[in-house]
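# Summary of structural features
Letter by letter, the chains look like this.
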Amino acid sequence: KAGVTQTPRYLIKTRGQQVTLSCSPISGHRSVSWYQQTPGQGLQFLFEYFSETQRNKGNFPGRFSGRQFSNSRSEMNVSTLELGDSALYLCASSFGLADYEQFFGPGTRLTVL
Amino acid sequence: AQTVTQSQPEMSVQEAETVTLSCTYDTSESDYYLFWYKQPPSRQMILVIRQEAYKQQNATENRFSVNFQKAAKSFSLKISDSQLGDAAMYFCAYRQGAQKLVFGQGTRLTINP
């Protein structure tokens, strides 16, 4: 069974631009969560989607948004990029909303110049 | 709000020896899950072991075991017979029901040959 895939793996943007990251969950998984990982803040929860609906949201500004499609694939968008948005963005999928195990993708490394 | 604390930013152990990583958490809930995740240098996060709070028996997965002290809100990970492939960042995490996964700051484990 294929794992969680994230595209692109690496991305370089400049301040003020916007970016869209994609996540394809494991087949059959309906829940997708997004995390931001930085050396200073560690792993921080962004949001979680289940059946195309946002179920949980972390403490991030409105510049961070996401969505989930009917095939469970998810995208997250960051508008008006800031230098502090440079991070590894991880996506994780699970079968259900409260399932104990989340399977993580390799991440997208975003660098904002 | 729930918080997870890993007080050891870095740990090192000789190959074949045993090492224990510490984790404490803060919650007012009685039913929740605790996890240890491993993030090797390749960046793909994988689940090492999980513990359901209602279970008194400590979880074990091969060389990995936990010491779960619910009253003390402590959840340490013991790695026996350490191997070079165990070198990674280890994250302790907490989840209550369908709420978000909350991670600790991580412990970088080095294995000395």
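Criteria and cut-off values
Residues numbered from 1 in each chain as written. Chains lettered and ligands numbered in written order. Predicted model: local features only at pLDDT ≥ 70, side-chain atom pairs only at ≥ 80, totals over all residues. Heavy atoms only, no water. Helix = DSSP H or I, 4+ residues; strand = E, 2+ residues; numbered from the N terminus. Rg over C-alpha atoms; globule rule 2.2 N^0.38 Å. Buried < 20%, exposed > 50% of the residue type's maximum accessible area, 1.4 Å probe, protein only. Contact = heavy atoms within 4.5 Å. Lys, Arg positive; Asp, Glu negative; His and termini not counted. Charge placed at Lys NZ, Arg CZ, Asp CG, Glu CD. Disulfide = S-S within 2.5 Å. Phe/Tyr/Trp six-rings, centres within 6.5 Å; stacked < 30°, edge-to-face > 60°. Pairing = 2+ DSSP bridges.

## Brief notes about the overall build of chain B
The helix and strand tally for chain B stands at 0 helices and 12 strands. Ordered by position from N to C terminus, the α and β elements of chain B give β-β-β-β-β-β-β-β-β-β-β-β. Rg of the C-alpha trace for chain B: 13 Å, near the compact-globule value of 13 Å for 113 residues, within the 12% margin. Counting over 113 residues, chain B shows a buried share of 47%. A separation of at least 24 residues holds for 54% of the contacts in chain B among residues at least 6 apart in sequence. Counting 11 positive and 10 negative side-chain charges, chain B places the averaged centre of each group 6 Å from the other.

## Quick look at the state of the cysteines
Between two cysteines, a covalent bond joining their sulfur atoms is known as a disulfide. Residues and elements named next belong to chain A. The full count for this structure, using the stated rule, is 2 disulfides over all chains. Between the sulfur atoms of C23 and its disulfide mate C91 the distance is 1.7 Å. Here C23 and C91 share a disulfide; its torsion about the S-S bond, -50 degrees, makes the bridge left-handed. Taken together, the residues C23 in strand β3 (residues 19-24) and C91 in strand β9 (residues 87-94) connect sequence positions 68 residues apart.

## A closer look at the packing of aromatic side chains
Within this structure, the stated rule accounts for 16 aromatic pairs over all chains. A ring pair is formed by A:Y35 and B:F103, whose centres lie 5.5 Å apart and whose planes are at 85 degrees; its orientation type is edge-to-face. You can see A:Y35 sitting in strand β4 (residues 31-38) and its partner B:F103 sitting in strand β11 (residues 102-103), one on each of two chains. In this pair, the class of A:Y35 matches that of B:F103, namely buried. Centre to centre, the rings of B:Y25 and B:Y32 are 5.4 Å apart; their planes meet at 65 degrees, and the pair counts as edge-to-face. Judged by relative accessible area, B:Y25 falls into the buried class, the value being 5%. You can call B:Y32 buried: its relative accessible area is 2%. Put simply, the rings of A:Y35, A:F45, A:F104, B:Y33, B:F35, B:Y37, B:F91 and B:F103 touch in pairs and so form one group of aromatic residues.

## Considerations on the pairing of strand β7 (residues 64-68) of chain A
Residues and elements named next belong to chain A. Note that β7 and strand β8 (residues 74-78) share 5 bridges and pair antiparallel. Counted as the bridge partner of F64 is V78 from β8. Between the end of β7 and the start of β8, which pair antiparallel, lie 5 residues, with S72 showing a positive phi angle near 80 degrees.

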